[in-house]
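Chain by chain, the residues run as shown.
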Amino acid sequence: MVNTRIHSMTWIYLSERKVGFEQLRIPAWFWNSYEWSSFTMATAKTQRPILRRALRELKAGTQSNSEDLTPAVRSYFSSCQVSLRADINTGVGAFKEKPGRNDFGKKLESFAREATYFSTKCSGQLKLDLDSVATLLGSIAKKRFQTFVNKDGQTIEYYEGFEISEVTAALNSIKGLVDSLGGSSINDEPNEDMPIEFDVSAFPAHIQFLAEEQNVLQFLDFLLMRIKTLLADSRMKSAIGNSPSLTLEEWLNSYVSGITVIDLSLIPADIIHIVVASISRLTFEAVQRYRRLKGTVLPTVLVLEEAHNFVKKGFPVNDEISPLEICSQTFEKIAKEGRKFGLSLVISSQRPSELSDTVLSQCNTYLLHRLVNDRDQDLVRRLVPDNIGGLLNELPMLPTRKAILLGWASPIPILVEMRDLEKIYRPKSDDPDFWNVWTGLAKREEDWKSVSDEWQSR
């Protein structure tokens, strides 16, 4: 126990020694696009593509020195170049006819504003090039911008149709900027699922910008609200924030090496399944890459307590994937594929009937404690050979610390007794001492002030 690290939201003491406590850390930039989509409840048609593009562009802009904006400028205007080329391929409907001309005018204005924004943070030739692009795009859009006052006295803004020569001029201006920075980065951008650090606080603003560019902002209100709420919640910052900075290498050294105990008791319900899914997925991918690089496996075991909270079965089929479903799918994949990469699962649950059938079907050893629920007993009978049915009749009557061991770890089913763990190492799971407390035999001080002070602390 001395070498064990405990990652938790609370302080944990064992005996008189404090055993390697650290704050649980799983920075939000570790999350992949599926986990972000699940948390934000992003819809498949409009929201998910924009969310993934935002992740790609933000991650592409932070692979080099954060003070050098060249990668970010190159990445952003590479996507602008692709967008304008797509408009030309679409034809007059994209920039000359209504309503395409209005969307195109707003797009040019948006590109010009971004060029001006980058220009304020750059210097030298890059600043001059960005100012040139901003001036040209702004002048093309301004030339076609019109207004009129309708019968209700409202001022209506619109754009007249753009000519192909104007669209081509805008494209060539952006292409010249991108070429001066090394050419388009579309093909060498990082995948949106790669754990590359980016400024998560800039995530909602970038999504909003992309939505405005595509004129679909009205469809992303809820998604933006979810992300802004996540980033503003002080309860979550300690777990998913990246202050102090934590690299992927540091995380792997801290969480995958040695023995790590993770306490999730005070993780907010909004993110608990995403946090568990991220930790499990990163561990799985780490051992996969270890085998590919080293040519051998790194034996690793994930132990999941109260597994029925994270490995459920029976999800409805629809476009939206809930965080719990993402979590269950992650463990199902580990159960099916993890063994060949050296990753195994130990799952513990008081309600096996609620567990995923996929995960249960991959179990080769069972340690059965007392089960009194009929559904749980029926499930266990279906999982084990018929010739030991009589032994399973003892499940409802098994004493504390007694269990039935069967499967690959035991040639024949046997009754085993758990070793008595020293009290200082036992989990705090004793039955509540109602009678002694209520009758005054055991004292409990109702110190609600300390509870409220800790609860409300930031």
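Since we're looking at a predicted model, the values are computed, not measured. (Residues numbered from 1 in each chain as written. Predicted model: local features only at pLDDT ≥ 70, side-chain atom pairs only at ≥ 80, totals over all residues. Heavy atoms only, no water.)

Let's talk about the overall build of the protein
Secondary structure assignment for the protein yields 17 helices and 10 strands. In terms of C-alpha radius of gyration, the protein reaches 29 Å, well past the compact-globule figure of 23 Å for 458 residues. Taken over the C-alpha atoms alone, the protein extends approximately 85 × 55 × 55 Å along its principal axes. Taken over 458 residues, the protein has a buried fraction of 41%. In the protein, the share of contacts with a sequence separation of at least 24, taken over all contacts with a separation of at least 6, comes to 68%. Total accessible area computed for the protein in this model is approximately 26,200 Å², and 53% of it derives from carbon and sulfur atoms. A gap of 2 Å separates the mean positions of the 55 positive and 59 negative side-chain charges of the protein. (Helix = DSSP H or I, 4+ residues; strand = E, 2+ residues; numbered from the N terminus. Rg over C-alpha atoms; globule rule 2.2 N^0.38 Å. Buried < 20%, exposed > 50% of the residue type's maximum accessible area, 1.4 Å probe, protein only. Contact = heavy atoms within 4.5 Å. Areas by Shrake-Rupley, 256 points an atom, 1.4 Å probe, with all protein chains shown as cover. Lys, Arg positive; Asp, Glu negative; His and termini not counted. Charge placed at Lys NZ, Arg CZ, Asp CG, Glu CD.)

A few points about the pairing of strand β10 (residues 410-417)
Examined bridge by bridge, strand β9 (residues 402-407) and β10 share 5 bridges and lie antiparallel to one another. Bridge pairing in β10 places Leu405 opposite Ile414. Hairpin connection, β9 to β10: the antiparallel pair is bridged by 2 residues. (Pairing = 2+ DSSP bridges.)

Considering the sheet that holds strand β8 (residues 365-368)
Taken in spatial order, the 3 strands line up as β8-β9-β10 in an open sheet, and their pairing is antiparallel. Each having just a single partner strand, β8 and β10 make up the two edges of the open sheet. Sheet twist, expressed as the mean angle between neighbouring strand axes with direction ignored, is 15°. (Axes fitted to C-alpha atoms, helices over the stretch in contact; angles between N-to-C directions.)

A look at the environment of Ile164
Among the structural elements, Ile164 can be located in helix α6 (residues 164-180). Along the primary structure Ile164 and Asn364 are separated by 200 residues, whereas in three dimensions their C-alpha atoms are 67 Å apart. Excluding residues within four positions of it along the chain, Ile164 makes contact with Ile88 and Phe95.

Remarks on unusual backbone geometry
Here Ser243 and Pro244 are connected by a cis peptide whose omega angle stands at 0°. If you check the backbone angles, Glu306 has positive phi at about 50° while not being a glycine. Backbone geometry places Arg401, a non-glycine residue, at a positive phi of 75°. Note on placement: Arg401 falls in the loop between α15 (389-392) and β9. Residue Arg401 is classed as partly exposed on the basis of its relative accessible area of 35%.

Concerning the pattern of salt bridges
As enumerated under the stated definition, the model contains 15 salt bridges in all. When the shortest N-O distance is used, the salt bridge between Lys175 and Asp179 registers 2.8 Å. Of this pair, Lys175 and Asp179 both sit in helix α6, separated by 4 residues, roughly a single helical turn. On the accessibility criterion, Asp179 (41% relative accessible area) is partly exposed. The partner of Lys449 in a salt bridge is Asp453, with the nearest N and O atoms 2.8 Å apart. One end of the pair, Lys449, and the other, Asp453, are both in helix α17 (residues 448-456), 4 residues apart, so they sit about a helical turn from each other. On the basis of relative accessibility, which here comes to 56%, the residue Lys449 falls in the exposed class. The structure contains a network of salt bridges with shared partners spanning Lys312, Arg351, Glu354 and Asp376. (Salt bridge = Lys/Arg side-chain N within 4 Å of Asp/Glu carboxyl O.)

Quick word on the side chain of Ser278
Mapped onto the elements of the fold, Ser278 is located in helix α11 (residues 269-294). Among the polar contacts made by the side chain of Ser278, one reaches the side chain of Glu35 at a distance of 3.1 Å. In contact with Ser278, not counting residues within four places along its chain, are Ile26, Trp31 and Glu35. (Polar contact = N/O pair within 3.5 Å; in protein donor to acceptor, adjacent residues only side chain to side chain.)

Some details on the pairing of β8
Burial of β8 is one-sided: the residues Tyr366 and Leu368 facing one way are buried, the residues Thr365 and Leu367 facing the other way are not. When β8 meets β9, the two strands line up antiparallel, connected through 4 bridges. Residue pairing for β9: Leu368 is matched across the bridge by Ile404.

Remarks on helix α2 (residues 47-60)
With 14 residues, α2 extends 20 Å between its outermost C-alpha atoms, agreeing within 8% with the 20 Å of an ideal straight helix rising 1.5 Å per residue. Summarising burial for α2: 11 of the 14 residues are buried, a large majority. Along α2, the positions that sit buried rather than exposed are Gln47, Arg48, Ile50, Leu51, Arg53, Ala54, Leu55, Glu57, Leu58, Lys59 and Ala60. Buried residues in α2 make contact with α1 (33-40), α3 (70-90), α7 (203-213) and α8 (221-232). (Expected span 1.5 Å × (residues − 1).)

Examining the packing of aromatic side chains
Here the distance between the centres and the angle between the planes together describe a pair of aromatic rings. Counting across every chain of the model gives 19 aromatic pairs. Taking the centre distance of 6.0 Å and the plane angle of 65° together, the rings of Phe148 and Tyr158 count as edge-to-face. In this pair, Phe148 is assigned in strand β3 (residues 145-149) and Tyr158 in strand β4 (residues 155-159), connecting sequence segments 10 residues apart. On the accessibility criterion, Phe148 (40% relative accessible area) is partly exposed. Taken together, the ring pairs connect Trp31, Trp36, Phe39, Phe198 and Phe203 into an aromatic cluster. Positioned above the aromatic ring of Tyr34, the side-chain terminus of Arg52 is 5.0 Å from the ring centre. (Phe/Tyr/Trp six-rings, centres within 6.5 Å; stacked < 30°, edge-to-face > 60°. Lys NZ or Arg CZ within 6 Å of the ring centre and 35° of its normal.)

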